[in-house]
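Descriptive analysis of the structure
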Amino acid sequence: MSIQAAAQRPVAHVPVSAVKGLVAMVGSMALFITNDTFMKLALREVPLSEGLGLRTVMVSFLFLGLIVASGDLLALRHMFRRSVLVRSSLDTVTTFVYVAALAAMPIASTTTIYMATPLITTALAVPLLGEKVGWRSWSAIIIGFCGAVIVTRPDPATFSLIALLPLMAAFTGAARDISTRSIGSEIPGAVVGLTGSVVFCLAATLIAPFESWKVPSTPVLAYVVASAVSFGGGTLLLVFAFRNAPIASLSPMRYLLVFGALISGYFVFGDLPDAWTSVGMALVVGAGLYAIQREHAKSRAARRAARDDRKTGVVGLATGSRATGTCQPAAACAPSRD
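Small disclaimer: the values here were computed from a predicted structure and weren't measured.

Counting its secondary structure elements, the protein contains 13 helices and zero strands. Counted from the first residue to the last, the protein has its helices and strands arranged as α-α-α-α-α-α-α-α-α-α-α-α-α. Residue burial in the protein is summarised as follows: out of 338 residues, 41% are buried. Taking the contacts inside the protein whose residues are at least 6 apart along the sequence as the reference set, 87% of them involve residues at least 24 apart. Of the accessible surface of the protein, which amounts to about 18,300 Å², a share of 68% is contributed by carbon and sulfur atoms.

This is the structure:
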């Protein structure tokens, strides 16, 4: 190989856009933990519906500004589609339940239990989407779910019903993620986000009469503003990440939330995980990463089989050969080993 040819070879195997997507995912997780931290601080002084309502109004203006800036005002007609409203309703329930748990529980425990969402999503995809899950993936789901249960304190002497809230949020969050599959690509993400904000504001209005709202202090307003900016920025970075990098590379980074929550819990709230929480965290994160690795391996095998199939087809056409009853490629006849 000549020096000139060697110099012309690309020096990186990952596209620049993919690298930016990975960086955006890390930033997104950091901003979401920042959002949770500031919201937990705000909820020390104001009720749940007030804190979330104020944040949602601010985020709504952010999404509306994005829609106007991108020239997608006509897409607002899709706000009241059934699929968008179903997704927004599930997101509203998930947010209320999760933040209610966040206000009453250590941030690390709440985040860890909620990290069972990807595993529950995989389990629900079987009956709802008809997807196939092998025994190894089922094992990861069961182990991860057990880890989430351990963090909830199964000991009757220390168990609290509050610990079931993030687990409930994980189930509704999984249903929300699955319902997102039914939303057409012609609907911009900002429109989906704005619809969710409107539905959430309506829900907060219904809950408000049952809580005592108060004039927020300057620090609380600062916390809510910081939470809104972090939440909006995290959402935008998340969308950018999934549009510029492979899902298999991005998915493991969701578990950065657990470590971010540990850092926030220790330095901001003075919380340290005990033995139960540590064991549960290890099971949830380990099972989640294993399940993601399995899906990545299966996806890679499927792509390899497709490439082999195309090559076999080209050779067959070139040689004029006929099918002999054998499987081409051989991977098509191999039994599932999952």
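Here the narrative resumes.
This next bit is on helix 3 (residues 48-69). Between the first and last C-alpha of helix 3 there are 32 Å, a value that for 22 residues agrees with the 32 Å anticipated at 1.5 Å per step. Of the residues one or two after helix 3, Gly71 is the one with positive phi, at around 70 degrees.

This brings us to the confidence of the model for the protein. Mean pLDDT over the protein works out to 81, with 83% of the residues at or above the 70 mark. When mean pLDDT is compared element by element in the protein, helix 4 (residues 82-104) scores highest at 94, while helix 1 (residues 3-8) scores lowest at 43. Throughout residues 1-15 the model reports pLDDT below 50, and contacts reaching past four residues in sequence, or to other chains, amount to three contacts. Confidence over residues 321-338 falls short of pLDDT 50; this stretch has 18 contacts with residues more than four positions distant or in other chains.

All right, on to the side chain of Ser230 then. Position of Ser230 relative to the elements: it lies in helix 10 (residues 218-244). When neighbours within four sequence positions are excluded, Ser230 is seen to be in contact with Leu31, Thr34 and Asn35.

A pair of packed helices can be characterised by two numbers: the angle between their axes and the separation between those axes. For the pair helix 3 and helix 4, the least separation of the axes is 11 Å and the interaxial angle reads 125 degrees. Comparing their axes, helix 4 and helix 3 come out oblique. For the element pair helix 3 and helix 4, the recorded crossing hand is right-handed. Mapping the contact onto sequence places Leu48, Ser49, Leu52 and Arg55 in helix 3 and Thr95, Phe96, Val99 and Ala100 in helix 4. Residue composition of the contact of helix 3 with helix 4, by class: five nonpolar, two polar and one charged.

Right, let's get into the nonpolar core. Membership of the largest hydrophobic core comes to 51 residues, with the highest contact counts inside it found for Leu52, Phe96, Val99 and Met115. With eight residues, helix 2 (residues 16-42) is the largest single contributor of residues to this core. When near neighbours in sequence (up to four residues on either side) are disregarded, Phe96 contacts Leu48, Ser49, Leu52, Phe200, Ala203, Ala204 and Ile207. Counting 13 residues, the second largest nonpolar core, distinct from the first, contains Phe63, Ile67, Val84 and Ile187.

Turning to the pattern of salt bridges, a few remarks are in order. Within this structure, the stated rule accounts for three salt bridges. Of the charged contacts, one joins Arg81 and Glu186 as a salt bridge, the two residues approaching to 2.6 Å between their closest N and O atoms. With a gap of 105 residues between them, Arg81 in the loop between helix 3 and helix 4 and Glu186 in the loop between helix 8 (164-179) and helix 9 (189-207) connect regions that are remote in the sequence. In this structure Glu186 comes out as partly exposed when scored by relative accessible area, which is 43%. One salt bridge connects Asp91 with Arg176, and the closest N-O pair in it is separated by 3.1 Å. Taken together, the residues span a long stretch of sequence, with Asp91 in helix 4 and Arg176 in helix 8 at a distance of 85 residues. Residue classification places Arg176 among the buried residues on the basis of a relative accessible area of 11%. Because the salt bridges share partners, they merge into one network encompassing Asp91, Arg176 and Asp177.

Quick notes on the rules
- In this numbering scheme, every chain counts its residues from 1 along its sequence in written order.
- Local features in this predicted model are restricted to residues of pLDDT 70 or higher, and side-chain atom pairs are both shown and tallied only at a pLDDT of 80 or more, whereas totals for entire chains, interfaces and linings draw on every residue.
- As a convention, hydrogens and water are excluded, and side-chain values are obtained from all of the structure's heavy atoms.
- Here a helix means four or more residues in a row that DSSP labels H or I, a strand means two or more in a row labelled E, and each is numbered from the N terminus.
- Buried residues are those whose accessible area, probed at 1.4 Å on protein chains only, stays under 20% of the maximum for their type, while exposed residues exceed 50% and partly exposed ones sit between those limits.
- Two residues form a contact once any of their heavy atoms are found within 4.5 Å.
- Areas reported here follow the Shrake-Rupley algorithm with a probe of radius 1.4 Å; residue values treat only the protein chains shown as occluding.
- By definition here, a helix of n residues has an expected span of 1.5 Å times n minus one.
- On a range of 0 to 100, pLDDT expresses the predictor's confidence in each residue.
- Here an axis means a line fitted to C-alpha atoms, over the contact stretch when the element is a helix, while the angle between two N-to-C directions is reported on a 0 to 180 degree scale.
- For classification purposes, an angle smaller than 35 degrees is called roughly parallel, one larger than 145 roughly antiparallel, one from 65 to 115 roughly perpendicular, and anything else oblique.
- For a crossing to be left-handed, the near helix must be turned anticlockwise from the far one by less than a right angle; the clockwise case is right-handed.
- Basically, the charged four are Asp, Glu, Lys and Arg, the nonpolar ten are Ala, Val, Leu, Ile, Met, Phe, Trp, Tyr, Cys and Pro, and anything else, Gly included, counts as polar.
- As used here, the term nonpolar core means buried Ala, Val, Leu, Ile, Met, Phe, Trp, Tyr and Cys residues forming a set that is joined through side-chain atoms within 4.5 Å.
- Salt bridges are defined as contacts in which a side-chain nitrogen from Lys or Arg sits within 4 Å of a carboxyl oxygen from Asp or Glu.

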